[in-house]
Amino acid sequence: MTDAASRALAAAAAAPADIAAAAAALEAGALVAFPTETVYGLGADAENPAAVAKIYAAKGRPQDHPVIVHVAPGADIDYWTTDVPDEARALVKHFWPGPLTLILKRNAHIPDAVSGGQDTVGIRCPSHPVAMQLLQAFKGGKGGVAAPSANKFGNVSPTTAQHVRDEFHDEVGQGNVIDAVLDGGSSQVGIESTILDMSRLATHGPVLLRPGHISAQQIADVIGAMPRQPDQAAPRASGTLESHYAPKAPVALLPTGDIEKTLAELKLRGRSAALIHYSPFPGVHPNVALPAEPKGYAYGVYAALRAMDQQQVELILVEAPPGGDAWLGVNDRLRRAAFGSTGIIERFLTT
Ligand code: TXA
Ligand code: MG
């Protein structure tokens, strides 16, 4: 964990009364937004299809996109899943609570609404203290909370309670679309959980559906097999849509060496641009400087995209991070944020 992340966590304090009220609201079929160590989630009782339907409506998310079920530490995964391979149990033991989602065969009684009609279910046990307290209070720790990231479909995921309120504005409040937003400070990891498909292990091996904080190598170290990239038959994941996690302004990724020149040319054309960078660029404004290492960068990247979007600029330039395994999660999210903006700089410089 970065220093900033541990400070944020120390400041995170949801009162026990808030937790109890949030658990009761979930039990009554309402939506509650809550912090996890990755991003904030928009939760509903996973066993209440009407409550899960409210998530889709609130997010504007297509019905066939499955949601992850969040469980309390020590939960019985065999209640939710079936045919669990030993390797999956080893991963649970090693990484939970923590930012790893496992896709497993779902148990027959798990509602279709959660799995988007697929025969699998995504399950994870988050490590954020407020999330753990909420999951322990909800149905006495025996329930599951279905929760996608608490943003409108396609937008940047929220890493603070304020981001959630910014996404949903007046839809938040008791008796409203979202009953409550629990505040747990800034999410320590900052990008969504690693998703590993273990549901077709015998035929396909472990498949990495979404890179994150827990790397393929860390997984391989536990199960002795390196996760593969998804093929055509892999289960659908909305986080794997090309355009996702995008702010309103177009995003363009640029190599470090091209940034000063591009900014100068854009300025000559009267174009406004913001910069997100990790190398020093003195005098560039508006900008966010992120740490030059992947964990600190991931912690700040979504807040940076949101902050630069609020500057009402025509373009958000992002200094392309280095390659390599440790930067995989960050590069995946930035590539999706920039999807659809191909050629935007050229357009701005020629028109
Ligand atoms: O870190 C996270 O995973 C956050 C926090 C709130 O836990 N949640 C999150 O949820 O990112 P969401 O819905 O924004 O992204 C979950 C991804 C989606 O791409 C979804 O399609 C995929 O997980 N997913 C869920 N269940 C699945 C399943 N049974 N098979 C394949 N993909 C699944
Ligand atoms: Mg999401």
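Okay, so let's go over this structure. (Residues numbered from 1 in each chain as written. Chains lettered and ligands numbered in written order. Predicted model: local features only at pLDDT ≥ 70, side-chain atom pairs only at ≥ 80, totals over all residues. Heavy atoms only, no water.)

## Description of the pattern of salt bridges
And then number 1: Inspection of every chain in the model, using the stated rule, returns 15 salt bridges.
And then number 2: Between Lys139 and Asp45 there is a salt bridge whose closest N-O contact spans 3.0 Å. With Lys139 in the loop between α7 (129–137) and β7 (145–146) and Asp45 in strand β2 (residues 41–45), this residue pair connects regions lying 94 residues apart in the sequence.
And then number 3: Linking Glu167 and Arg306 is a salt bridge whose minimum nitrogen-to-oxygen distance equals 3.2 Å. Within this pair, whereas Glu167 is found in helix α8 (residues 161–168), its partner Arg306 is found in helix α12 (residues 294–309), the two being separated by 139 residues in sequence. (Salt bridge = Lys/Arg side-chain N within 4 Å of Asp/Glu carboxyl O. Helix = DSSP H or I, 4+ residues; strand = E, 2+ residues; numbered from the N terminus.)

## Description of α8
And then number 1: If you check which residues of α8 are buried, you get Ala161, His163, Val164, Glu167 and Phe168. Projected down its long axis, α8 shows its buried positions confined to an angular sector of 160°, all on one face.
And then number 2: As for α8, its buried residues are in contact with β1 (31–34), β2, α3 (49–59), β8 (178–181) and α12.
And then number 3: A positive phi of about 40° marks His169, the residue just after α8. (Buried < 20%, exposed > 50% of the residue type's maximum accessible area, 1.4 Å probe, protein only. Arc of directions from axis to C-beta. Contact = heavy atoms within 4.5 Å.)

## Re the nonpolar core
And then number 1: Judged by nonpolar contacts, the single largest core of 43 residues is most densely connected at Leu42, Leu91, Trp96, Leu100, Leu102, Val114 and Met198.
And then number 2: By residue number, the principal contributor to this core is α3, which donates five residues.
And then number 3: Residues Ile191, Val251, Tyr297 and Val313 belong to the second largest nonpolar core, which totals 27 residues. (Core = buried A, V, L, I, M, F, W, Y, C linked by side-chain atoms within 4.5 Å.)

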